[in-house]
Amino acid sequence: MTAAITVDGLEVIFDRFRALKGVSLEVNSGESFGLVGESGSGKSTLLRAIAGLAPVASGSITVNGKKLGARRDKAFYREVQMVFQDPYGSLHPRQTVDRLLQEPLAIHGFADGEKRIQRALDEVGLGNGFRFRYSHQLSGGQRQRVAIARALILEPSILLLDEPTSALDASVQAEVLNLLEEVRRRRKLTFLMVSHDLAIITHMCERLMVMQSGKAVESLSAAQLVGHRVTEDYTRNLLRASEGFVRTG
Amino acid sequence: MSADTIESRRAWLLSERPASRMQARLGRAYVAWRRFSANRLAFLGLLIIISLLVIAALAGVLAPYSPTFGDLKGSRLLAPCAEHWFGTDDLGRDILSRILYGSRWTLYVVILVAVIAAPVGLLVGTVAGYAGGWIDAVLMRVTDIFLAFPKLILALAFVAALGPGIENAVLAIAITSWPPYARIARAETLTVRNSDYIKAVQLMGASPFRIVLRHIMPLCISSLIVRVTLDMAGIILTAAGLGFLGLGAQPPLPEWGTMIASGRRFVLDQWWVAGAPGFAILIVSLGFNLLGDGLRDALDPRSGDQ
């Protein structure tokens with residue numbers, strides 16, 4: 001199996017704050033990889049650094065065998081797309097769904113825009129009736145579907161998912177996760193998914209990495225996590241916390 | 001049109017499931033219009049501005065006398081009467097006709113200033129806000145320098161250098177009125193530049209130019225429109241002030257500020273000579289202010305269902 005994403009000794013510094021302290025990671029092509037950790041552990045920053053949205057101080061990122069420089073070129077964005085956490089903030093408030101989906105096609109000079117938009121909307125389970133709505137006319141789940149359609153319309157091979165369901169309520173969460181699963185199977189995508197919800201990660205991902213305060217704690221397979229076969233104390237605490245409040249006595 | 005078709009058209013406009021790009025856009029405009037027209041005062045402002053436009057267009061038909069030639073022999077400084085509704089000035093010209101023709105110059109100044117200053121301010125502000133770093137610093141310091149000059153004084157200096165005349169007055173006012181627009185546009189840009197939807201466009205590989213032009217500017221435009229309409233009154237007054245000081249429009253051009261200037265010599269005995277154009281300025285400024293207030297409520301992205 002070839003590596004889709006290789007991260008080596010990555011450091012990200014925001015105004016003297018070291019958000020990532022030398023993180024290394026390898027995601028195989030076609031794999032779904034999870035990043036777990038508490039708030040502020042640097043998991044979202046790692047995702048954004050790969051996407052080119054965070055200032056990389058040192059270390060290297062390789063995507064599909066190509067080493068990335070400080071500036072990403074257009075070809076990169078056709079390989080890698082991202083779905084943001086908050087569907088209320090990731091859609092332009094003054095643009096219709098149609099316009100949102102047209103933008104990536106216009107930037108990359110696709111000619112068959114009409115057909116692609118139709119297909120993208122069908123793929124995420126939104127019919128043509130949603131095409132000319134503004135984002136404020138959509139529910140949270142519908143917005144996230146539009147965001148997924150936008151990410152998929154350039155036909156990337158890698159999808160970065162930054163807690164794609166944490167802003168949605170439980171029933172909608174399941175729908176969106178199923179949609180993502182289905183899309184991945186059909187298109188043979190590579191997922192790099194951030195979540196603080198261990199249940200989602202074990203459901204969606206084959207392997208995962210636990211992070212704490214900008215460092216990798218340990219790498220596990222989903223089976224190891226389910227079987228509680230972990231070596232680090234921090235991971236054990238995280239597992240215990242995820243089981244929720246336990247009444248004693 | 002029967003009540004039924006009106007009802008079905010409204011339903012079409014307010015549809016939750018627009019079927020075309022056009023319908024979505026019209027529906028949005030209709031919602032803004034409903035919010036605007038619910039405000040009576042704003043509507044009054046709009047009526048004033050529309051009548052100003054109509055008067056300017058039809059001045060040649062509406063004006064009973066020539067705006068530049070008067071009857072020096074028989075009709076100097078006549079009080080308002082049946083033949084001359086607003087009286088006549090010291091050269092025997094009918095003041096009503098001069099005010100009607102003067103509306104053209106007022107519109108000319110206001111529109112030209114808006115067309116020059118607003119895009120400049122918008123461009124400087126959004127570029128500064130989006131680029132950040134040294135570009136932001138340079139653009140904003142230039143803006144600060146322009147902002148530090150008193151408006152009328154800079155306009156005066158400018159007119160003094162280029163010579164009096166209405167075109168130079170327009171240029172002078174435009175040069176002094178773009179900095180506030182740049183400030184507004186920059187502030188708006190700063191609030192949206194780090195939002196996820198702009199990041200998402202960056203992730204599509206859009207150039208900074210495209211992001212500023214197609215994604216950031218549309219968000220700044222509504223607050224800019226509001227600000228420009230509110231400033232229109234100030235622009236009219238500055239133009240009138242320049243005219244009054246003899247640096248704007250030159251006689252015999254029937255510009256309202258110049259008319260006040262020439263009427264001030266007999267303001268105590270023949271009050272209508274300066275009073276009538278003053279009143280016209282008052283009404284039009286009021287109209288623009290009311291309109292701007294209404295637009296703020298109708299277009300504000302932070303209100304309603306945004």
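This text gives an overview of the structure that appears in the document. Treat the numbers as computed from the prediction; the structure is a model and nothing was measured. (Residues numbered from 1 in each chain as written. Chains lettered and ligands numbered in written order. Predicted model: local features only at pLDDT ≥ 70, side-chain atom pairs only at ≥ 80, totals over all residues.)

1. Thoughts on the overall build of chain A
Line of reasoning, step 1. Scanning chain A from terminus to terminus reveals nine helices and ten strands.
Line of reasoning, step 2. Relative to the 2.2 N^0.38 estimate, which gives 18 Å for 249 residues, the radius of gyration of chain A is 18 Å and therefore close to what a compact globule would have.
Line of reasoning, step 3. Overall size of chain A, expressed as C-alpha extent along the three principal axes, is 55 × 50 × 40 Å.
Line of reasoning, step 4. Burial analysis of chain A (249 residues in total) assigns 45% to the buried set.
Line of reasoning, step 5. Residue pairs in contact within chain A that sit at least 24 positions apart in sequence constitute 68% of those at least 6 positions apart. (Helix = DSSP H or I, 4+ residues; strand = E, 2+ residues; numbered from the N terminus. Rg over C-alpha atoms; globule rule 2.2 N^0.38 Å. Buried ≥ 20, exposed ≤ 12 C-beta atoms within 10 Å, placed from the backbone. Contact = placed C-beta atoms within 7 Å.)

2. Things to note about the overall build of chain B
Line of reasoning, step 1. The secondary structure content of chain B amounts to twelve helices and zero strands.
Line of reasoning, step 2. Seen in sequence order, chain B has helices and strands lined up from the N terminus as α-α-α-α-α-α-α-α-α-α-α-α.
Line of reasoning, step 3. Seen through its C-alpha atoms, chain B measures out along the principal axes to roughly 75 × 60 × 25 Å.
Line of reasoning, step 4. Expressed as a percentage of its 306 residues, the buried residues of chain B come to 41%.
Line of reasoning, step 5. Counting only contacts in chain B whose residues sit at least 6 apart along the sequence, the fraction spanning at least 24 positions is 69%.

3. As for the environment of Leu123(B)
All names here are of chain B.
Line of reasoning, step 1. Among the secondary structure elements, leucine 123 is positioned in helix α5 (residues 95-131).
Line of reasoning, step 2. By the C-beta count within 10 Å, which is 18 here, leucine 123 ends up partly exposed.
Line of reasoning, step 3. Considered as a pair, leucine 123 and valine 212 are 89 residues apart in the sequence and their alpha carbons are 8.8 Å apart.

4. Structural notes on the interface of chain B and chain A
Line of reasoning, step 1. The interface of chain B with chain A comprises 24 residues on the first partner and 25 residues on the second.
Line of reasoning, step 2. Within the residue set of the side of chain B that touches chain A, elements represented by two or more residues are α2 (21-37), α9 (196-203) and α10 (208-244) of chain B.
Line of reasoning, step 3. Ranked by the residues each element gives to the side of chain B that touches chain A, the list is headed by α9(B), at six residues.
Line of reasoning, step 4. Of the residues assigned to the side of chain B that touches chain A, the class counts are twelve nonpolar, six polar and six charged. (Nonpolar A, V, L, I, M, F, W, Y, C, P; charged D, E, K, R; others polar.)

5. As for the pairing of strand β7 (residues 158-162) of chain A
All names here are of chain A.
Line of reasoning, step 1. Across the five residues that make up β7, a large majority, five, are buried.
Line of reasoning, step 2. With burial as the criterion, each face of β7 is covered, one bearing Ile158, Leu160 and Asp162 and the other bearing Leu159 and Leu161.
Line of reasoning, step 3. Relative to β7, strand β6 (residues 80-83) runs parallel, the two sharing four bridges. Across the sheet, residue valine 83 finds its bridge partner in β7, namely leucine 161.
Line of reasoning, step 4. Sheet topology places β7 next to strand β8 (residues 190-195); five bridges connect them, and they run parallel. Opposite leucine 159, over in β8, you have phenylalanine 191 as the bridge partner.
Line of reasoning, step 5. The parallel pair β7 and β8, bridged by helix α6 (residues 170-187), forms a crossover whose chirality is right-handed. (Pairing = 2+ DSSP bridges. Right-handed = clockwise from strand over helix to strand, strands pointing away.)

6. Digging into helix α7 (residues 151-162) of chain B
For an α-helix the count is 3.6 residues per turn, leaving residues at separations of three or four pointing the same way.
All names here are of chain B.
Line of reasoning, step 1. Taking 1.5 Å as the rise per residue, α7 with twelve residues should run 16 Å; its terminal C-alpha atoms sit 17 Å apart, in good agreement.
Line of reasoning, step 2. Within α7, burial applies to Ala155, Phe158 and Val159. When α7 is viewed along its axis, its buried side chains cluster within an angular range of 95° and face the same direction. In α7, the exposed residues that point more than 90 degrees away from the buried face are Ile153, Ala160 and Ala161.
Line of reasoning, step 3. Tucked into the core, α7 has its buried residues touching α8 (166-193) and α10. (Expected span 1.5 Å × (residues − 1). Arc of directions from axis to C-beta.)

7. Quick notes on the pairing of strand β3 (residues 32-37) of chain A
All names here are of chain A.
Line of reasoning, step 1. With six of six residues buried, β3 is to be regarded as a mostly interior element.
Line of reasoning, step 2. With burial as the criterion, each face of β3 is covered, one bearing Ser32, Gly34 and Val36 and the other bearing Phe33, Leu35 and Gly37.
Line of reasoning, step 3. Direction of pairing for β3 relative to β8: parallel, over a ladder of five bridges. Opposite glycine 34, over in β8, you have methionine 193 as the bridge partner.
Line of reasoning, step 4. Taken together, the five bridges between β3 and strand β9 (residues 207-212) define a ladder with parallel strand orientation.

8. Structural notes on the environment of His228(A)
Line of reasoning, step 1. Secondary-structure assignment places His228(A) in the loop between α8 (222-226) and α9 (233-242).
Line of reasoning, step 2. His228(A) gets classed as exposed once you count the C-beta atoms within 10 Å, which come to 10.

9. What about the nonpolar core?
Line of reasoning, step 1. Membership of the largest hydrophobic core comes to 77 residues, with the highest contact counts inside it found for Ile50(A), Ala149(A), Ile158(A), Leu160(A), Leu192(A), Met193(A) and Leu208(A).
Line of reasoning, step 2. Considering every element that reaches this core, the biggest residue donor is helix α5 (residues 140-152) of chain A, with six residues.
Line of reasoning, step 3. When near neighbours in sequence (up to four residues on either side) are disregarded, Leu208(A) contacts Phe33(A), Gly34(A), Leu35(A), Val36(A), Ile201(A), Leu220(A), Ala222(A) and Leu225(A).
Line of reasoning, step 4. Membership of the second largest hydrophobic core comes to 66 residues, among which are Tyr101(B), Ala117(B), Met217(B) and Trp272(B). (Core = buried A, V, L, I, M, F, W, Y, C linked by C-beta atoms within 7 Å.)

10. Section: α10(B)
Residues and elements named next belong to chain B.
Line of reasoning, step 1. Taking 1.5 Å of rise per residue, 37 residues should cover 54 Å, yet α10 covers just 45 Å from first to last C-alpha, more than 12% shy of that figure.
Line of reasoning, step 2. When the local axis directions of α10 are compared, the greatest deviation, roughly 50°, occurs at methionine 217, which is followed within four positions by the proline proline 218.
Line of reasoning, step 3. Count one or two residues on from α10 and you reach glycine 246, which has phi positive near 85°. (Bend = angle between axes of the 7 residues up to and from the residue.)

11. Thoughts on the sheet that holds strand β2 (residues 17-28) of chain A
Residues and elements named next belong to chain A.
Line of reasoning, step 1. Taking strand neighbours across the sheet as the criterion, the four strands line up as β2-β1-β4-β5 in an open arrangement whose pairing is antiparallel. Each having just a single partner strand, β2 and β5 (66-67) make up the two edges of the open sheet.
Line of reasoning, step 2. Across two bridges, strand β4 (residues 56-63) lies against β5 in antiparallel orientation. If you follow threonine 62 over to β5, its bridge partner there is lysine 67.

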